[in-house]
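Each chain, letter by letter, is given below.
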Amino acid sequence: MNINILYEDNHVLVVEKPINVPTQEDNSKDKDLLTILKEYIKEKYNKPGNVYLGLVHRLDRPVGGVMVFAKTSKAASRLSDQIRLNKFNKVYNAVCLGNVNNEGRLEDKLLKDTKRNIVKVDPKGKQSILNYKKLKQKDNLTLVEIKLETGRPHQIRVQMSHNNNPLYGDQKYNKNSKVGQQLALFAKKLEFYHPTTKELMSFELELPNREPFIKFK
C-alpha cells in the first residue's frame, strides 16, 4: 500500500492515513497502518528484528487524514504528554446532514458500549467537548470544521448526531445513511511540538477528492 509520507525524521513519522484502513490490528485481521509503517521503516533503513513505532493517537477505521507516529519511546512519551495537556491540536472537516448553526460548542458525557461497539450519550460517561464552525452549505449538507478538546472514541460522530446533525455516510450513528456511502470525516490538520527540538510542527491536507467533500471544493 502506497502511504503518503508527510514528514519523517529520527523521532517522528507523519503520514496521511488512508480511509478504511485500521490504525492498528483489530478483529478483522486486515492489514493495519501501524504494521504497514513498521514494514516501511524496516525496508527503508534495512533494520533487523522488530521495529519500534509508537502509536500516540488513533483515527477510526473509516476516517482518513493526518497522523503522527513516534519512532522512539521517548518521543512517544513526550507526544502522549502533549495530548494529556491539550497541547496537541487536531482539526477535522466533516459533512453533516441538515443546516448547522454558524458555530457552537458541544459538551456531552459519552459512554462506550463495548458489547455493541458503539458510543452513546450517558450521564455515567466521560466529559467530551468539541467546538465546531460552519464553513459552507450546499443542498441539505453542511461542511464544518471541528476542533476537539477531548479525544473520545467516535466523539465527533456521536456528538454531532446527538446535536441532530449526523455525519454523511455514518453507518453507526446516522439512520439515514445509505449502504456504500463513505463516512464524511477527515483529519485535516495536526499541530504538535516536536518531541526533541520543541519546534511547533503543523501539517494540513486539502479536502479529499471524493463524495461528498468534492461538492465543497
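Report follows, based on the coordinates. (Residues numbered from 1 in each chain as written. Predicted model: local features only at pLDDT ≥ 70, side-chain atom pairs only at ≥ 80, totals over all residues. Heavy atoms only, no water.)

**Brief notes about the overall build of the protein chain**
Secondary structure assignment for the protein chain yields 3 helices and 11 strands. Scanning the protein chain from its N terminus toward the C terminus, one meets helices and strands in the order β-β-α-β-β-α-β-β-β-β-β-α-β-β. The principal-axis extent of the C-alpha atoms belonging to the protein chain is close to 50 × 35 × 35 Å. For the protein chain, the share of sequence-separated contacts (at least 6 apart) that also reach a separation of at least 24 residues comes to 60%. About 11,700 Å² of surface is accessible on the protein chain, with carbon and sulfur atoms providing 45% of the total. For the protein chain, the distance from the average position of its 39 positive side-chain charges to the average position of its 25 negative side-chain charges is 3 Å. (Helix = DSSP H or I, 4+ residues; strand = E, 2+ residues; numbered from the N terminus. Contact = heavy atoms within 4.5 Å. Areas by Shrake-Rupley, 256 points an atom, 1.4 Å probe, with all protein chains shown as cover. Lys, Arg positive; Asp, Glu negative; His and termini not counted. Charge placed at Lys NZ, Arg CZ, Asp CG, Glu CD.)

**Digging into the pattern of salt bridges**
Under the defined criterion, the tally for this structure stands at 16 salt bridges. In this structure, the salt-bridge partner of E25 is K29, at a minimum N-O distance of 3.1 Å. Side by side, E25 and K29 carry an identical accessibility label, which is exposed. Between D30 and R61 there is a salt bridge, and its shortest N-O distance comes to 2.4 Å. Placement of the pair is D30 in the loop between β2 (12-17) and α1 (33-44) and R61 in the loop between β3 (54-55) and β4 (64-70), with a sequence separation of 31 residues. According to the relative accessible area criterion, D30 is partly exposed, its value standing at 34%. (Salt bridge = Lys/Arg side-chain N within 4 Å of Asp/Glu carboxyl O. Buried < 20%, exposed > 50% of the residue type's maximum accessible area, 1.4 Å probe, protein only.)

**A look at the packing of aromatic side chains**
The full count for this structure, using the stated rule, is 4 aromatic pairs. Judged by centre distance (6.1 Å) and plane angle (25°), the rings of F88 and F192 are stacked. Taken together, the positions of F88 in the loop between α2 (73-84) and β5 (89-97) and F192 in strand β10 (residues 185-193) put the pair 104 residues apart, joining distant regions of the chain. An identical accessibility class is assigned to F88 and F192; each is buried. In textbook terms, an aromatic cluster arises when at least three aromatic residues are bridged by ring pairs, as seen for Y7, F88, F192 and F203. (Phe/Tyr/Trp six-rings, centres within 6.5 Å; stacked < 30°, edge-to-face > 60°.)

**Structural notes on unusual backbone geometry**
With omega at -5°, the peptide bond leading from E211 into P212 counts as cis. Note that P212 resides in the segment after β11 (200-204). Positive phi is not limited to glycine here, since N117 has a value of about 55°. Its location among the elements puts N117 in the loop between β6 (103-113) and β7 (118-121). One non-glycine residue, N164, adopts positive backbone phi at about 65°.

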